[in-house]
Structures are given as C-alpha cells and as structure tokens.
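Notes for the structure review
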Amino acid sequence: MILPIVIDPAPILHRRARPVRPSAELLSLADSMLETMRASRGVGLAAPQINQDIRLLVAAYAGDSEAGEPALPDTALLNPRIMARSKEQSLGLEGCLSLPGIELPIWRADRITVEAELLDGQAVSQKYHGFAARVLQHEIDHLDGVLITDRVEPFSVVFMGTPEFAVPTLAALHQHSAFRLLEVVTETDKPSGRGQRMISSPVKRYAEQIKIPIWQPKSLKTTEAVSHLQALQPDFIIVTAYGKILPANVLAVPKHGAINVHASLLPRFRGASPIQATVLAGDAETGVTIMQMDVGLDTGSIISQEKLLIAQGDSTGSLSAKLAELGARLLPISVIYLLSGLIVPKKQPKKGVTETHRLNKEDGRIDWMAPAEQIDRQVRAMNPWPGAWAEAGAERILIHSGLVKDGRYVPTVVQLAGRNPADRRAFERGWRGGTLPWAAKS
Ligand code: NI
C-alpha cells in the first residue's frame, strides 16, 4: 500500500521517534514503506515520514556498476544505532522526500557501523560504506528528528551586483539554506534626474530589505578593499552585473573562488552588454552561463549553462527579466554541484568568441537607410537603455517600439524629449516639424 508522505514543516519530522518492538504489523508496514519509497523514487524512508512515531527505517536501491556502486537490497531496520563512524567524511548532495525540490550538500562519514534489530527481532551489526552509509545516516537522522536543512553547513558568500538583473540571484542566495550572505557589495549611489538626487542601486535597496550588510567601495584596487574582504573569510564571491572588474588579489580571497552569472551563452557575447548584443544580432536563442571567474573579461571556465528561446518582440528589458530568473535558478544548484564534485568546470571553447562593449546614447541613433528588420532589432535592443532615437530637425524622438510593415519600419510608440510617450498616429497629428524620418523612405 502506498502511504502519504509527511512534508515539512511538520512537528513529527522534528522530534525523536520512540523505540519499537518487532511485531507482525511492522512487517506489513515496512513493506508499504518500501513500496511508497519506490513509488516516489526514493532510496530510503523513515517511519516519521509516514506519520509513525517509531524507530523504523527502510532503504534500497539498484547499484551503479559504472560508478562501482553496489546495490543495496531491501533493508528494514528497527531501532538502528550508529556505533562507529569513520573520521573521513565526504560532501554529497542529498534530497529528501519530506522536502520536495530541495537538494543540499551534506557532509557524512564515509563508513559507519550500525547495530539494529531486524523485523523478526534478530539483532544485527552491519558495516556500510559509500552511498549506503550516506543513506543510512540520512534515515537515522530522521529517527532523531534531524533533517538535511538542520545538517547543512552553509557556504558563506559575499555577493557583488548592482542593477535589477542581479536582484533575483541575490534573493535566491538569501532564501537558500545552503548559503549564508556575509555582505552585499554594490556600486556607489549615483546622482540622477533633474534634481541630481542620490539614487541607490536596486541591489542595495534589496539588501536593505533583507538586512544584509552593504559595502560600496569606490574601488576594489586598494589594499584596504582586499583586507576588508579577507576579514570576511568568504567561501565564495558571487558576481552578477556588479559593474567593476575584480582584480586578481580580490579573486584570490574566497576559499572556493569567485563565480559569475553571465547573461549569454559564453564564449558568445563576453563583456558589458550581452543582452543588447543578443537582441541586436537577431539570435534565436540565448541563455545564462555560470562561470568560474579569472582575470580575463568573461574568460573563465564554465560551470553550467542553460538555454532560453528568444520570443518574437523580446526587448533587452523583457529578455533581461527572463535571464535574471533563469540565472537565479541555475546559480545555487551549480555551486552546490560544483562543491559536491558532480560538475567539473570546462574551459571555454576557443571558437565562437565575441565581445560586447559598454553602450552609450549614440548606439541608439537609428540609421533610416538600414533594412527595416535591423532597425526593429536595434529598437528592441536599446529598450530600455540607452533607447533608440531618430532626429527630426532639431528634435530628438525616442522610438520605444514599432513593427516591420511592407518592408518598412513603422514606430508604434514614440516620445519627444521631455514629454510622455505617445501613440505614433497621435504624435503625427500634433507634429509640425516637417518630414518624419520613418516617412522619408516610403
Ligand atoms: Ni529524508
């Protein structure tokens, strides 16, 4: 019989289960537990997970001959106790049927000796090693009310990021129990708008909300900056669109190096404006790369990549939001897999390298002699920043959006400097400045 599995949070998962005596009922309960475990594709199950306050566990899995991992036959143990454990430990990735969707890196002893009773009451002493030792330790933890979320030793992280694109990654690290944020590093506040008010970065505003210490150095190329970071003793520096280059002595600070979330499928579109370059190139797909940083510009080894199809009409703004979410999903698990030895970073291929530069307002100037499709890509690539624009007499008209019609590019939403964005037809009715550039080619 398949039994319902208790999902955390539930008090029974957090208290010590009671010792139990062998009985005929336990025989069929253990059978049902094995059946439930298999149906959920688990490798072990403890009685508290099926709402039974008793010290009973089951475990079993098919081996992996390639990895030299023998199978564990159907096992059911009453009142198991770990009598000895090796000093040697390994970090491995564990999930739990009571914590759906969560995988955490957990240290476990490589070898253990377990004493227990079998279902017929016979006392046994059994040695386990490798994966079996990990499974048994996990299930015995359950009998003691201990979950992997209690057991995880979080990696300490200094996060560096600045724009909206970086916020989802910061949020993911903040919410993940495998990570502990020590400090958020972001660009200095910048004057903005007519009043030149000082504006904080989106990352700074989010860090204030979640109450993580914030540091806004003018430069990372000082001995003070390096010793400031050294004092934090981070396991990782995680960088997402920070805005400054990390010098070699900063990259050397964290125990496990610096890791970057980059918004393209490297080695294509290294550098400052990968998303704009993707839209401008008219690519059909893009993605996110999680990369080990080195001193070069986005030249580090690739930890993981995930692709994303570009939707028709995607602008830099819309694509940026999607890639930010994708990066935020991919980063934590990539770091955990890396540390658990499940991913080996790969050098970037030498072929297919392209670089992007920091954009300026001039990149938004539309050449009306260019093919309509190219103008369309430019308008979408420059949205929201720096914005595509046309000159009409002495005026500058921002083009927010448009479409290709009969081989011509026709704007749909336009804006005169200092005014509100307007529908193109309404704009044309009020326009007294002569021929508009998009009409000139008809
Ligand atoms: Ni579990």
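Look up a bit, the structure's there.
Quick caveat, the model's predicted, so the values are computed rather than measured.

**Notes on the coordination of the nickel ion**
- With distances of 2.1 to 2.2 Å, the protein atoms coordinating the nickel ion are Cys96 (SG), His138 (NE2) and His142 (NE2).
- Written as a sequence motif, the donor arrangement for the nickel ion is C-x41-H-x3-H. One end of the pair, Cys96, is in the loop between β4 (89-94) and β5 (104-109); the other, His138, is in helix α2 (residues 130-143), and 42 residues separate them in sequence.
- Given the relative accessible area of 9%, His138 is considered buried.

**Describing the environment of Val152**
- Along the chain, Val152 falls in the loop between α3 (148-151) and β8 (155-161).
- Taking relative accessible area as the criterion, Val152 reaches 10% and is therefore assigned buried.
- Along the backbone, Val152 and Pro105 are 47 residues apart, and their C-alpha atoms lie at a distance of 6.6 Å.
- Apart from the residues lying within four places of it in its own chain, the contact partners of Val152 are Leu104, Pro105, Ile106, Ser177 and Ala178.

**Describing the sheet that holds strand β1 (residues 44-46)**
- Read from one edge to the other, the open sheet built from five strands follows the order β1-β2-β3-β6-β7, with strand pairing classed as antiparallel. In the strand order of this sheet, the two ends are held by β1 and β7 (123-129), each with one partner. Strand-to-strand twist across the sheet, computed as the mean angle between neighbouring axes with direction ignored, equals 40 degrees.
- Across three bridges, the pairing between β1 and strand β2 (residues 56-61) is antiparallel.

**Some thoughts on the packing of aromatic side chains**
- Counted according to the given criterion, the structure contains seven aromatic pairs.
- Linked through ring pairs, Trp368, Tyr409, Phe427, Trp431 and Trp438 together constitute an aromatic cluster.
- The side chain of Arg396 reaches across the aromatic face of Trp389, ending 3.6 Å from its centre.

**Remarks on helix α1 (residues 24-39)**
- In this model, α1 (16 residues) spans 23 Å end to end at C-alpha, consistent with the 22 Å of a helix rising 1.5 Å per residue.
- For α1, the set of buried residues is Leu26, Leu29, Ala30, Ser32, Met33, Leu34, Thr36 and Met37.
- Among the structural elements, β1, β2 and β3 (72-85) are those in contact with the buried residues of α1.
- Looking one or two places after α1, you find Arg41, whose phi comes out positive at around 60 degrees.

**Topic: unusual backbone geometry**
- Here Asn383 and Pro384 are connected by a cis peptide whose omega angle stands at 10 degrees.
- By the element assignment, Pro384 lies in the loop between α10 (372-381) and β19 (388-392).
- That bond from Trp385 to Pro386 is cis: its omega, 5 degrees, falls within 30 degrees of zero.
- Mapped onto the secondary structure, Pro386 falls in the loop between α10 and β19.
- In this structure, Gln196 takes a positive phi of about 50 degrees despite not being glycine.
- Looking at where Gln196 falls in the secondary structure, it is placed in the loop between β10 (190-192) and β11 (197-199).
- For Lys211, which is not glycine, the phi torsion reads 60 degrees and is therefore positive.

**Considering the environment of Gly317**
- Structurally, the position occupied by Gly317 is in helix α9 (residues 316-339).
- Classification of Gly317 as partly exposed rests on a relative accessible area of 30%.
- Sequence separation between Gly317 and Trp385 is 68 residues; the distance between their C-alpha atoms is 8.5 Å.

What counts, and at which threshold
Counting of residues starts from 1 at the beginning of each chain's written sequence and follows it residue by residue. For this predicted model, a pLDDT threshold of at least 70 governs which residues receive local features, and a threshold of 80 or more governs which side-chain atom pairs are given and counted, while totals over whole chains, interfaces and linings are taken from all residues. Side-chain figures throughout are based on the complete set of non-hydrogen atoms in the structure, without hydrogens or water. Donor criterion used throughout: N, O or S atom within 2.8 Å of the metal, extended to 3.2 Å for Na, K and Ca. Water excluded; incomplete-looking sites may result. Counting from the N terminus, the helices are DSSP H or I runs at least four residues long and the strands are E runs at least two residues long. The cut-offs for exposure are 20% and 50% of the maximum accessible area for each residue type, with area from a 1.4 Å probe on protein chains only; residues under the lower value are buried, those over the upper are exposed, and the others partly exposed. Contacts: residue pairs with any heavy atoms within 4.5 Å of one another. Two strands qualify as a pair provided that DSSP identifies no fewer than 2 bridges between them. Between N-to-C directions, angles span 0 to 180 degrees; the directions come from axes that are lines fitted to C-alpha atoms, helices contributing only their stretch in contact. Two rings belonging to Phe, Tyr or Trp (six-membered ring only in the last case) form a pair when the distance between their centres is within 6.5 Å. Interplanar angles under 30 degrees mark stacking, angles over 60 mark edge-to-face geometry, and anything in between is tilted. Whether a charge lies above a ring is judged from NZ of Lys or CZ of Arg, which has to be within 6 Å of the ring centre and within 35 degrees of the ring normal. Each helix should span, by expectation, one fewer than its residue count multiplied by 1.5 Å.

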